[in-house]
Structure formats: C-alpha cells, structure tokens
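Overview (structure and organization)
The lines below spell out each chain.
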Amino acid sequence: MKNKKKPLNMILSITSIILLILFSLWAQNHLDSYQIRLLNMWGIYIIMVVSFNLIFGFTGQFSLAHAGLAAIGAYTVALLTLSPEAKLISFFIEPPIWPISTVQWPFLPSLLLGGVITAFIGYLIGAPALRLHGDYLLIVTLGFSEVIRLVLVNLPMICNGAMGLKGIPDNTNLTVILIIVVITVFVVKRLVDSSYGRALKCIREDEIAAEAMGVNLFRHKMLAFVVSSFFVGIAGGLFSNILGTIDPTTFKPYLTYAVVTMAVLGGAESLTGGIIASGVYTIMSELLRAVEAPRVIFNIEIPGIPGLRMLAFSAMLLILILFARSGIMGSKEFSWDWIISRFTKNQKKSKKGDTVEPS
Amino acid sequence: MRTSLFLQFLINGIALGSLYALIAIGYTIIYGVVGLINMAHGEFFMAAAFLTMWGVMTYNLPWYVSFPIATIITVLLALLVDRVAYKPLRKMKTSSFIAAISVSFLLQNLFIVVFTPRSKPFPHPALFDEVILFGDIALPVVNIAIVIVSTILFLILSFIVTKTDIGRAMRAISKDLEASQLMGVNPNKVIAFAFILSTAFAAVGAFMYCSKFPYVDPFTGAIPGLKAFIGAVIGGIGSIPGAMVGGFLLGLGEIMLVAFFPTLTSYRDVFTYLILILFLLFRPGGIFNVKVREEKV
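Residues numbered from 1 in each chain as written. Chains lettered and ligands numbered in written order. Predicted model: local features only at pLDDT ≥ 70, side-chain atom pairs only at ≥ 80, totals over all residues. Heavy atoms only, no water.

Section: the packing of helix α6 (residues 107-129) of chain A against helix α12 (residues 217-243) of chain A
All names here are of chain A. Viewed as axis vectors pointing N to C, α6 and α12 meet at an angle of 140°, and their least axial separation amounts to 7 Å. Considered as vectors, α6 and α12 are oriented oblique to each other. Considering how the two elements wind past one another, α6 and α12 form a crossing that is right-handed. Looking at the contact of α6 with α12 residue by residue, the classes come out as 15 nonpolar, nine polar and no charged. (Axes fitted to C-alpha atoms, helices over the stretch in contact; angles between N-to-C directions. Helix = DSSP H or I, 4+ residues; strand = E, 2+ residues; numbered from the N terminus. Parallel < 35°, antiparallel > 145°, perpendicular 65-115°, else oblique. Left-handed = near helix turned anticlockwise from the far one by under 90°. Nonpolar A, V, L, I, M, F, W, Y, C, P; charged D, E, K, R; others polar.)

Put into structure tokens, the structure is as follows:
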C-alpha cells in the first residue's frame, strides 16, 4: 500500500466518492422509484456480501448465520422506528409489551443500535460456535440462524409473530445508503489490510501454523465475526426500511445462500468482486422476476414460469463452484494504480494492482 | 393422559422416528464414505415421491410398478449428481458443501419449473388408509407398515454392512481412506454403491412418508430431509447405528413433545435446533461419539 502514488490515490478516491454522492443526490430526484429501489438493493447487498467476505473469504470461517443476524437488525430498526400507534394497529395477535409499545427513535440512532444489538448476538453465537471447525461450524451457525427466525415467529408480543411488521417508515435514501456502503467497505478494507487482517488470513491458510506464530485464534475469529455481524445488522436495518414489510420468512436460509452466491460470484477474497457481483445479482434477479410473471405480448398470453429465477441462480452457483471457484475477481482488488498503468501505456506494467493479496 | 391415547401417540412417534431414521441413514452413509453433507438428499427423497406420483397420474401405472421405476430414476439421478457435481470437488470441503446446496435448490426448482409448485395427492395403496381398532386404541395401518418396512430395511442394511465385501469396504473407507485404498478398495465403486444405497433408502422412506402424509409437491423433501439430517448429527454423523438411533429419537421426541406439552407445539422446531446446537457444542460426535475422519480442508 505504501508507495509514492499514495497522495494521488487518496485524492482520486475522495474525488470519486464525492462524485458518487453527487450522483446519488441527483439520482434521488431524477430516476424513477424502481431504479432507485434497485440501486438501494444493490447497496444493501454490497454491505451483506462485504461482511460475508470478511468472515468467509478472509478468515476462512464458513458461517451460515447471515439471514438470522440480518433479521435481528431488521426487527430492531423496524420496532424502534415504527410509531406507537402503528404498532398498536399491526399487533393484533397480542399487544406489544412495554418498552416496545411506547418507544420511537429517530432513524440513524436506531440503525446504529440495530447494528450493536446484532453484533452482541453475533458475539453470543460466535463465542461457542467459532470453537468448532468445518462442517460443524456451518451446521451450528445455520442452526442458530433458524433458531432466531423461529423465535421471531413465536414471539407475538415483541415482533408480531408470523404476521411480521408492516408500514415501516422509509427513512433512507440513496445518499444515506451510499455513505453507509462506503463506510463499510472502508472499515472492512482497513481491517483486512491491518495486522489483524494478516492474522485472519493466516488463520484461513493454516490454523495450527497461525497458533504457533502466536495468533490468538479465538480472539481474531471473534473480532471478524462480531464486526461482520455489526454490518449485517446495519444491512438488515436498511433492508427493513426499503422493503417496508418484514416477516420471519424474509429471513429464511435462502437469504444466506443468496449472499453466498454473490460472494462466490465475485470471488470470496475480493471486496471489489463482491461489489460487482451484488450488482450483477440485483439486475439478474429483476430480469428473471420479469420472466417469472405472466405477461401478454401481441394478445398472446405467455404464462409465467415460477421457480425459474431460483433455478437460474442455483445453476449459476453450481457452475461457478465447479468451473470458476475464484469468481470474477479472485483475490484481486480494484486499485487506482492499475487504472493509471492502463492509461499511461508507455510505463512498464510494473505495478499491476498494488493491493493484490499474495494468495 | 389416558393410556390408550398415550399408546397411540407412542406408535405415531415410533412410525415418524423410523421414517427419520430411514432418511438419516442416507446422510450418514454419504458422510461416512465421502465426507460430504449431502444437502440434496431431501431432494432425492422428493424426486422419488414425485416421480412415483407422476407415473401413477400420467401413465396410469399401478403404484407397485411406478414406485420401482421412480426409485431407479432417482438412483440414476443421484449417481449423475455425484459424477457431475460432487466428484470434481472431492477434496474441497467448503466447495463441495456449496455444490450440494446448489444441487438441492437446483432440483427443487427444476421440479417447480417442470411440474408447477402445486401440491398433488399421493397415490398410496388403499390398504394404508384403514385403521385397526384394538379396544380403544386406533392403529392406522400405515404406521404399522412403516415400522415393519423400516425394520426389514434396517436388517438388510446391517447384513450388507457387516457381512458383505462392499459393506466392509464402506466401513473401511469411513475409518481410513488411504489405508483402505492401499488394501485394494476401489473408492469410486464404494462411493457409487453408497449413493445407490442411500438414495434407495430415501425412496422407500419417501413412499412411506407420503403414504402417511398423502400429498406431494416440490418442497416435500425439505422438512423431513432437514429433520433426518439433524437426527443423523445427533446420533453421530458417519455412524449407521447413530443415524438410526438419532433419527428415531428425534421423531419420537417430536411427537411426545406435542403429546405432553400441547402448548409448546409451535416451539417444536426451536427445540429440535437447540438440541442440534447443544450436541454439536458439547458432544460433536453425537450419541455414539463418532470420531471424525481428519481431513485437510
């Protein structure tokens, strides 16, 4: 990372972030609501995939708890931002219990609290689960994810059970989500490039060697898992705002598998890959949704084909895992040096992507 | 609780437990031999039931013709899946698990696309609908059939595993892959046999399960598949008696929970998962304390 071009890179990064923010401000007013929704979903998927990359790609711990953790964040934010009156209307199985029945917070503090609570739950899950390896780890995390979802179904006095929550106020806009995405990517990138990150990669490559080198396995895994949980909680909170309606079925393990698909598509060790892949996934998902719905073209009714979307995604995941395990980007990252070396061709291709990780 | 009611619940629980055990054996055989959690096992279960139904509905075959054909097709499907999706990833645990998940979704959605997601009545033998009355105990014939069929299958399985060469080879591979190869065991043959055996068991389980709950749709396999998997883990994944005991106890426990604590019915799955988690955390080898074959990830 440390070379002479660093000030230039920083200027370029800051400029492009400012440009992106200006674009998001423009887009918020000029694009139609459908396009804005797609961009929002892309942003949320980026946060989910980047946080999954941290625990899966960089630390090598295959955790399937993403859906359950996102549910915690989503429900926390929804319950904190819904007005007491709205809650009384939608809770018709059982009235909400005390703190939930009266509380109403502004959006950003509740989003933050959503992240913190999710991180705490992540700590509670990780503390026992991360002592396990391989198959056992993924079964346990999947089990915890399902337990969270099933507990939500069975707590009508807190989260309205299987009915879910409706009419969650939409407090977000593109700019807010963009800023959160930038913060997430920045934090994860800095973490991965720090000495902690090197320890995490060391754990991924060989746990015994890492331990022999003095890396505290458990503490590092927990750090990655808790940070990842925090961002998943934030993503879940944004998700509930964008959707407006959440219920426990939103957070079935399928959501986790979608994140896994995106991570594999982009390359599990590449944040850039995750960003690209979540965009591809969002667009593909919408295109295939159109195929699934019945439609009329030239007075001929074409019946929709249900299940085609999932069929395409599962086939894609299978093909990726069989033939292109490194995904779009492998372990490469986007870097300004690479772009610059592309434009100034007279320079020798000496610095091709300074942030490429040794794999 | 009245004794007769309790006995009825008990028999129901034994029947469900035997079904879970039948399916759980499939997970445990594959895990023992290949070291893979075959997440698509529930989908093979569904495919067997669905194709049986389809043969009866579309070609008017009697069930006793349709079922064997469906079983053979499903076994071939499982062998194809193993060859195409699992074999190239044999040494890569994480990748092969992801492959198994995607095969599971692929099959489920393939059936949705081809046959629509609507649920259809399952054509079971008419005999299974009858109920025998012993005093005030009502015994559905299907439950008795389940218990008899699964007992016979367990006996056949234990014969295969303990008395035949291929069974010995299976056990040898699950103990130590390399040493058994040195002793002249062909792992490819044994793996193929393991897939045939586990899918055939799943097919019989599917037939009995769908006779008990007589509807079939592309999602039929998901819940029994998951429960049987949990049963296999509780018993000790990789061990055949473990899968039998684990699956059996899980099915029995589920029915008994509903029988004794009707208010907790909606928490049934929470308890199932909690038991799974507690076992994995404190006794990952399951009831039978299976030693996991150490492999490089």
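That covers the picture; the talk isn't over yet.
A few points about the packing of aromatic side chains
Residues and elements named next belong to chain B. A full pass over the atoms with the stated rule returns 27 aromatic pairs over all chains. Plain terms: the ring middles of F111 and F115 are 5.5 Å apart, the flat faces sit at 35° to each other, and that makes the pair tilted. Of the two residues, F111 and F115 are both situated in helix α4 (residues 93-115); the distance of four residues between them amounts to about one turn of the helix. Across this residue pair, the class does not change: F111 and F115 are buried. The structure contains a cluster of three or more aromatic residues connected by ring pairs, namely F50, W54, Y59, F111 and F115. (Phe/Tyr/Trp six-rings, centres within 6.5 Å; stacked < 30°, edge-to-face > 60°. Buried < 20%, exposed > 50% of the residue type's maximum accessible area, 1.4 Å probe, protein only.)

Some remarks on the nonpolar core
The tendency in soluble globular proteins is for nonpolar side chains to be buried side by side. Counting 183 residues, the largest nonpolar core has F62, L165, L238 and F251 of chain A together with Y86 and L157 of chain B as its most contacted members. Counting residues per element, this core draws most heavily on helix α1 (residues 3-34) of chain B, at 15 residues. Not counting residues within four places of it along the chain, the set of residues in contact with L238 of chain A comprises I44, I47, F107, L111, T172, I177 and I180 of chain A. Core analysis: the next-biggest nonpolar cluster, separate from the first, contains five residues, A199, I203, V215 and L217 of chain A among them. (Core = buried A, V, L, I, M, F, W, Y, C linked by side-chain atoms within 4.5 Å. Contact = heavy atoms within 4.5 Å.)

Some words on unusual backbone geometry
At N160 of chain A, a residue that is not glycine, the phi angle is positive and equals roughly 65°. On the secondary structure map, N160 of chain A appears in the loop between α8 (156-159) and α9 (174-193). Accessibility expressed as a relative area gives 1% for N160 of chain A, which makes it buried. Phi at T116 of chain B is positive, roughly 65°, even though this residue is not glycine. Within the secondary structure, T116 of chain B sits in the loop between α4 and β1 (120-121). The class of T116 of chain B is partly exposed, set by a relative accessible area of 29%.

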